[in-house]
Amino acid sequence: MDTPIENHVDGNLTYVTLRAAFLLTLDSLMRYSLSPGRLEPIGSDFLHFYPPLSGMAPQIQMECVLKTWRRWSTRQADFPSPLEARILYAATELLASLAADRNSPLLRLVFEGPQNLHHLNDHWLPAKARCLQLTRESTFSRGILHELTLSSDPQEQVLGSDSPAFEGELMEVLGRWRANTEMLTWGKGLLTTQELELVRDFFEEHAGLTE
């Protein structure tokens, strides 16, 4: 059965959540370019909201965010995969966290994207993000909230997932270092021209991060 298509407001929020995840990941990559090999502090990437994925390389995180956006925005019938559902979960948690701080510079950049959605950036944004999270939990998140309460051990959380195929998907993505260069074509509608150029320049300079 196809995944229900989100309504207009939820669709706008999905765009905003994935922009937040993209921008935080881009920031992580920029820090990497300044100091390769430096360990980033815990919680510096959006996937710390879903601990089993928190060890993913930032370039692979970016690939996952852009792939999730491409598949969501083109309304793929099999969307979301178990991995994509968890990318959306972590991205929405990030947005809710950013929205709690009205002075967040990252939140300002989120709304400087190709879509003019400044009207969403109001006092109710944290509540809107939480409502979206609950809606997804009842439609296609596959019990992520329950999954995360099973144990504080990320490995046990994955083993407790109701999607056995997710274990293999998770191991594959965590074991990767080189991102797919095609991801640079997946950001249409999500990234500004300047952001896309910045990402292209970064990966041209760090060719060892892509294949």
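These notes cover the structure that comes with them. Since the model is a prediction, treat every value here as computed from it, not as a measurement.

### Comments concerning the overall build of the protein
Here is step 1: Looking only at helices and strands, one finds nine helices and zero strands in the protein.
Here is step 2: Listing the helices and strands of the protein from first to last along the sequence gives α-α-α-α-α-α-α-α-α.
Here is step 3: Burial status across the protein gives 50% buried among its 211 residues.
Here is step 4: If you take every contact in the protein between residues at least 6 apart in sequence, the share linking residues at least 24 apart comes to 75%.
Here is step 5: Accessible area for the protein stands at about 10,400 Å²; split by element, carbon and sulfur atoms hold 56% of it.

### Section: unusual backbone geometry
Here is step 1: Of the consecutive residues Phe79 and Pro80, the connecting peptide bond is found in the cis state with omega at 0°.
Here is step 2: Among the structural elements, Pro80 can be located in the loop between helix H2 (58-73) and helix H3 (82-99).

### Some words on H3
Here is step 1: Taking 1.5 Å of rise per residue, the 18 residues of H3 would be expected to cover 26 Å, and the 26 Å separating its terminal C-alpha atoms lies within 8% of that figure.
Here is step 2: Most of H3 sits inside the fold, with 17 of its 18 residues counted as buried.

### Brief notes about the side chain of Thr210
Here is step 1: In this structure, Thr210 sits in the segment after helix H9 (193-205).
Here is step 2: Classification of Thr210 by relative accessible area gives buried; the value is 11%.
Here is step 3: When near neighbours in sequence (up to four residues on either side) are disregarded, Thr210 contacts Arg178, Ala179, Thr181 and Phe203.

### Some points on the nonpolar core
Here is step 1: Phe22, Phe46, Met62 and Phe203 are the most contacted members of the largest nonpolar core, which totals 62 residues.
Here is step 2: Going through the elements one at a time, helix H1 (8-34), H2, H3, helix H4 (105-110), helix H5 (125-139), helix H6 (144-149), helix H8 (164-174) and H9 are the ones with two or more residues in this core.
Here is step 3: With 12 residues, H3 is the single largest residue contributor to this core.
Here is step 4: When near neighbours in sequence (up to four residues on either side) are disregarded, Phe46 contacts Ala21, Leu24, Thr25, Gln61, Val65, Ile87, Ala90, Ala91 and Leu94.

### Here's the deal with a negative patch on the surface
Here is step 1: Where like charges cluster on the molecular surface, the negative patch consists of Glu197, Asp201, Glu204 and Glu205.
Here is step 2: Residue position: Glu197 is located in helix H9.

### Things to note about the side chain of Glu84
Here is step 1: Mapping Glu84 onto the fold places it in helix H3.
Here is step 2: A relative accessible area of 5% means that Glu84 is categorised as buried.
Here is step 3: Among all residues touching Glu84, those that are not within four sequence positions of it are Lys67, Thr68, Arg71 and Phe79.

### Focus: the packing of aromatic side chains
Here is step 1: Overall, the coordinates contain three aromatic pairs when judged by the stated rule.
Here is step 2: Ring centres of Trp69 and Trp72 lie 5.5 Å apart, and the angle between their planes is 40°; this geometry places the pair in the tilted category. Note that Trp69 and Trp72 are positioned in helix H2 at a spacing of three residues, about one turn of the helix.
Here is step 3: Of the residues examined, Trp72 reaches a relative accessible area of 10% and is grouped as buried.
Here is step 4: Taking 5.1 Å as the distance between ring centres and 85° as the angle between the ring planes, the aromatic pair formed by Phe202 and Phe203 counts as edge-to-face.
Here is step 5: Assessed through its relative accessible area of 6%, Phe203 is described here as buried.
Here is step 6: The structure contains a cluster of three or more aromatic residues connected by ring pairs, namely Tyr15, Trp69 and Trp72.
Here is step 7: Positioned above the aromatic ring of Trp186, the side-chain terminus of Arg70 is 4.8 Å from the ring centre.

Scoring rules and cut-offs
Residues numbered from 1 in each chain as written. Predicted model: local features only at pLDDT ≥ 70, side-chain atom pairs only at ≥ 80, totals over all residues. Heavy atoms only, no water. Helix = DSSP H or I, 4+ residues; strand = E, 2+ residues; numbered from the N terminus. Buried < 20%, exposed > 50% of the residue type's maximum accessible area, 1.4 Å probe, protein only. Contact = heavy atoms within 4.5 Å. Areas by Shrake-Rupley, 256 points an atom, 1.4 Å probe, with all protein chains shown as cover. Expected span 1.5 Å × (residues − 1). Core = buried A, V, L, I, M, F, W, Y, C linked by side-chain atoms within 4.5 Å. Patch = residues over 30% accessible without salt bridge, like charges linked within 9 Å, V, L, I, M, F, W, Y side chains within 5 Å. Salt bridge = Lys/Arg side-chain N within 4 Å of Asp/Glu carboxyl O. Lys, Arg positive; Asp, Glu negative; His and termini not counted. Charge placed at Lys NZ, Arg CZ, Asp CG, Glu CD. Phe/Tyr/Trp six-rings, centres within 6.5 Å; stacked < 30°, edge-to-face > 60°. Lys NZ or Arg CZ within 6 Å of the ring centre and 35° of its normal.

Read these as geometric descriptors, not functional statements.
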